[in-house]
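# Observations on the three-dimensional arrangement
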Amino acid sequence: MKKTMIIFLFMLAVSPAWAAPLKVATASTDLKYICGRIGGAEVRAESLASGAQDLHMVEPRPSMVFRLKKADMVVRVGLDLDMWLDSLINAAGNRALFYGAPGYVDASAGVPLLQKPAGRVDASMGDIHIYGNPHYWLDPANAKIMASNIMTGLKRLRPEKSDLFESNYAAFAAELDERLAGWAERMSGLKGLRIVTYHDSWPYFAARFGLVVVGHVEPKPGIPPTASHLEDLVRRMKSEGARIIVSETYYPSKGPDFLAERTGAAVLALPVSAGGGKGVADYFDVFETAVSALETAAGKAD
Amino acid sequence: MKKTFIFISLLAAVSAAMAQEGGTPPQGMRGTPANLPDISMIGVVEGYLSSDKSDEEKGKLEFSEVETAFQGYIYPEMRADVFLALHKHEGSYESEICEAKVSFLRLAEGLSAELGKIHLDFGKLNRAHTHTRAMIDQPAVLTGFLGAHALNPQGGTLKYLLPLPFYARLQAGAWDGAPHEHHVDAENTADVVDVDGSTVTVVLEPGETSDFSPAGKLYTWRFNMSFPLSAGSELELGTSYLKGKGSHYEHHRDDIRLAGADFTLKLWPSAYRRLTLQSEYMRLTREVPVGKLERDGLYAFANWRFSKYWDIGARFDYAEGAFPAMSRERDYSLIATRRLTETTTLRAQYKHVNLDGGKTDQAWFQLTFGLGPHSHELE
């Protein structure tokens, strides 16, 4: 018995570290979900931000440093949205996660970006992202690129599991295609629907499903709404026939409610990440919820 | 010539496009993807009112501080952060290296280091640059025991993330702090009775300034740990210790020790709401040839961010003077902050000061703005 115990402990001690699931820290819950889908049992993913948080304004916490110190891989949204992650990675001092290291994955790599500023960019344009709009995950088609980036990172760390990751990726992509076709079918009747959004976070979604964003509650990205801007927006909504206001669940409701009162438009407070609302458990639920809410609101608006 | 120019322009445009489209985007996506550091500037405009008629600074609205920063990597896993400040000090603008440090992000598993002129990691607030604090002034205990500005000596520190199942960091540093320069009349001495009953002969506080701060060879350590109490709350506990000399050692011959304990509790009930409760306690011990002074100080700060754009806060300060003539200061502050953007804030603060029974009311208005990609280490 004693010998068996010694052998067991010895085996445990010498067993390679790669036998344990890879620990992946992601900036968002959507990335966590996709990591889980691609990595399967080979991955234990944790999101630093919750699905109900505004990813622009996540406050770095010491406990996040601890999670990054233990991680084998980090997956970021990129494009300036999660700049808070840089100080955390530096504080964790985990060589595997530094920029360019095998465990560093920027999910935005290769995503066709919208609203890439041309020419000078400064704060007169609000809190603008200099490399383009970073809310790219709200086009479900981009999830394939995000998943591919994650798969590449996982293959770097576990090359011997490449077949598994590729097979998981294929299954994820197939499900995504199927769901996307379903959402596109349901949204086909809403093509050309005019909406107002709180923040300029829906251009990818709008482009995918043919919606027209006629304005934003914020006068410029990150700038709180003013009375004159809202009055102007009321006029624009009336003249352009915008009957739906889309806001993230975390934004203040005062501005959208004011617009709704003045124009009769419906306000949709939608989660934009997995875990961001009731019944929104995963990345696909984000779109199920948004598509359903838009269908209902557009039906009522007609 | 024109053709060559067009060709070069085309080549530059194509190569820039390729650099953007291919491969992993640059880290943090700040600045431009050229070989330039992140260059930024923070400006602070302050207005100040006081009920003290002898206060020469009252009634002024002026640019109080400009901080410029040059930040970037200098080698794999090594970065440099240089913060140059121009700030108002006793009526005139003075320039200083606020911080200039090289960080070795990973020397070994969990081990990192910093070298240079650094805001000392003592307690919670000394390390934070003024524009990152949720208040306009600083608590009396910091002013009394660490100096009117943040204590930022030259030296180095080793930081070690302990291999524990929660965040715990131990750090130790060795420093050389410059004493404040001012005239001291060494003949101006007195025998005073300390709080412990001992008699101490000391050089009295110079008339020009009441600044005290640690100086000379300084040795520090700090241990802090943090626990997530739930998904929406985190508790951080820390202890700090400093050993060195007083800033007027040549006159006072004072060896000093400063011990501190701090806690910070943060609760995030929703995306934009946050309650912060923070407190620091410090005990200063000055050993002079004929005796020992022991002084205590603390602050307690509560801040409630109730929306995306607004914070309100309250702070209580208690600090005993660092000098032999015992003084006690109790301050009560109310603070309101309006965030215009991620880098621009408007802030107002009212403070009621009770210094040995002498009462003063003070008020500040502050506009802080940022230009460019300015960042600080996790604080």
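Everything quoted here is computed from the prediction, not taken from an experiment.

Rules of the game
- Residues numbered from 1 in each chain as written.
- Chains lettered and ligands numbered in written order.
- Predicted model: local features only at pLDDT ≥ 70, side-chain atom pairs only at ≥ 80, totals over all residues.
- Helix = DSSP H or I, 4+ residues; strand = E, 2+ residues; numbered from the N terminus.
- Buried ≥ 20, exposed ≤ 12 C-beta atoms within 10 Å, placed from the backbone.
- Contact = placed C-beta atoms within 7 Å.
- Nonpolar A, V, L, I, M, F, W, Y, C, P; charged D, E, K, R; others polar.
- Pairing = 2+ DSSP bridges.
- Right-handed = clockwise from strand over helix to strand, strands pointing away.
- Axes fitted to C-alpha atoms, helices over the stretch in contact; angles between N-to-C directions.
- Domains from an automatic or database assignment.
- Core = buried A, V, L, I, M, F, W, Y, C linked by C-beta atoms within 7 Å.

## Some words on the overall build of chain B
Along its length, chain B carries three helices and 18 strands. For chain B, the proportion of its 379 residues judged to be buried stands at 33%. In chain B, of all internal contacts separated by at least 6 residues, the share reaching a separation of at least 24 is 55%.

## So, the overall build of chain A
Summing up its helical and strand segments, chain A has 10 helices and eight strands in all. Across its three principal directions, the C-alpha atoms of chain A cover 80 × 40 × 35 Å. With 302 residues in all, chain A has 45% of them scored as buried.

## Section: the environment of Met83(A)
Position of Met83(A) among the secondary structure elements: in the loop between strand E3 (73-76) and helix H4 (84-92). Sequence spacing of Met83(A) and Leu55(A) is 28 residues, and the spatial spacing of their C-alpha atoms is 9.5 Å.

## Topic: the interface of chain A and chain B
Opposite the 35 residues of chain A that make contact, chain B presents 29 residues. Those elements giving two or more residues to the side of chain A that touches chain B turn out to be helix H3 (62-70) and H4 of chain A. Broken down by class, the residue content of the side of chain A that touches chain B amounts to 18 nonpolar, nine polar and eight charged.

## Re unusual backbone geometry
For residues besides glycine, phi is generally negative; the peptide bonds are generally trans as well. Residue and element names in this part refer to chain A. Positive phi is not limited to glycine here, since leucine 79 has a value of about 55 degrees. Relative to the assigned elements, leucine 79 resides in the loop between E3 and H4. Using a count of 24 C-beta atoms within 10 Å as the deciding quantity, one classes leucine 79 as buried. A positive phi angle is found at glutamine 115, which is not glycine, with a value near 55 degrees. Mapped onto the elements, glutamine 115 comes out in the loop between strand E4 (104-106) and helix H5 (143-157).

## Let's talk about the pairing of strand E12 (residues 255-267) of chain B
Residue and element names in this part refer to chain B. By the bridge criterion, 13 bridges tie strand E11 (residues 233-246) to E12 in an arrangement that is antiparallel. Note that in E12 the partner of glycine 244 across the bridge is isoleucine 256. Looking at chain direction, E12 and strand E13 (residues 274-288) are connected through 13 bridges and run antiparallel. Paired with phenylalanine 263 across the strands is serine 279, a residue of E13.

## Observations concerning the pairing of strand E2 (residues 43-47) of chain A
Residue and element names in this part refer to chain A. Burial of the side chains of E2 is restricted to one face: Val43, Ala45 and Ser47 are buried, whereas none of Arg44 and Glu46 on the reverse face is. Direction of pairing for strand E1 (residues 22-26) relative to E2: parallel, over a ladder of five bridges. Its bridge partner being in E2, valine 24 is matched across the sheet by alanine 45. Handedness of the crossover joining E1 and E2 through helix H2 (residues 29-39) is recorded here as right-handed.

## Digging into the sheet that holds strand E8 (residues 266-270) of chain A
All names here are of chain A. Taken in spatial order, the four strands line up as E6-E5-E7-E8 in an open sheet, and their pairing is parallel. Every interior strand has two partners, whereas the edge strands, strand E6 (212-216) and E8, have only one. Neighbour-to-neighbour, the strand axes of the sheet open up by a mean angle of 30 degrees, direction not taken into account. In this sheet, E6 lies alongside strand E5 (residues 194-197) in parallel orientation, the contact comprising four bridges. Within the sheet, the bridge partner assigned to isoleucine 195 lies in E6 and is valine 213.

## Focus on H2(A)
Summarising burial for H2(A): 11 of the 11 residues are buried, a large majority. Every buried residue belonging to H2(A) is among Thr29(A), Asp30(A), Leu31(A), Lys32(A), Tyr33(A), Ile34(A), Cys35(A), Gly36(A), Arg37(A), Ile38(A) and Gly39(A), and all of these are buried.

## Structural notes on the domain arrangement of chain A
Residue and element names in this part refer to chain A. What the domain assignment lists for chain A is domain 1 (13-178) and domain 2 (181-301). Listed by partner, the interface residues are 27 residues for domain 1 and 27 residues for domain 2. For the side of domain 1 that touches domain 2, the elements supplying multiple residues, two or more each, are H2 and helix H6 (162-187). For the side of domain 1 that touches domain 2, a count of residues per class yields 11 nonpolar, 10 polar and six charged.

## Looking at the sheet that holds E4(A)
Residues and elements named next belong to chain A. Read from one edge of the open sheet, four strands run E2-E1-E3-E4, paired in parallel fashion. The sheet is open, and its two borders are formed by E2 and E4, each paired with just one other strand. Strand-to-strand twist of the sheet, defined as the mean angle between neighbouring strand axes without regard to direction, takes the value 20 degrees.

## Re the environment of Ala290(A)
Mapped onto the elements of the fold, Ala290(A) is located in helix H10 (residues 283-301). For the pair Ala290(A) and Ala269(A), spaced 21 residues apart in sequence, the C-alpha separation works out to 9.2 Å.

## As for the nonpolar core
Here is a general trend for soluble globular proteins: nonpolar side chains tend to be buried in one another's company. Ile34(A), Ile38(A), Leu68(A), Val75(A) and Ile150(A) are the most contacted members of the largest nonpolar core, which has 83 residues in total. Two domains share this core, each providing at least three of its residues, namely domain 1 (13-178) and domain 2 (181-301) of chain A. With residues near it in sequence (within four places) discarded, Val75(A) still touches Val24(A), Thr26(A), Ala27(A), Leu31(A), Cys35(A), Val105(A), Ala107(A), Ile150(A) and Gly153(A). Of all hydrophobic cores here, the second largest spans 24 residues; its members include Ile118(B), Ile256(B), Met282(B) and Leu284(B).

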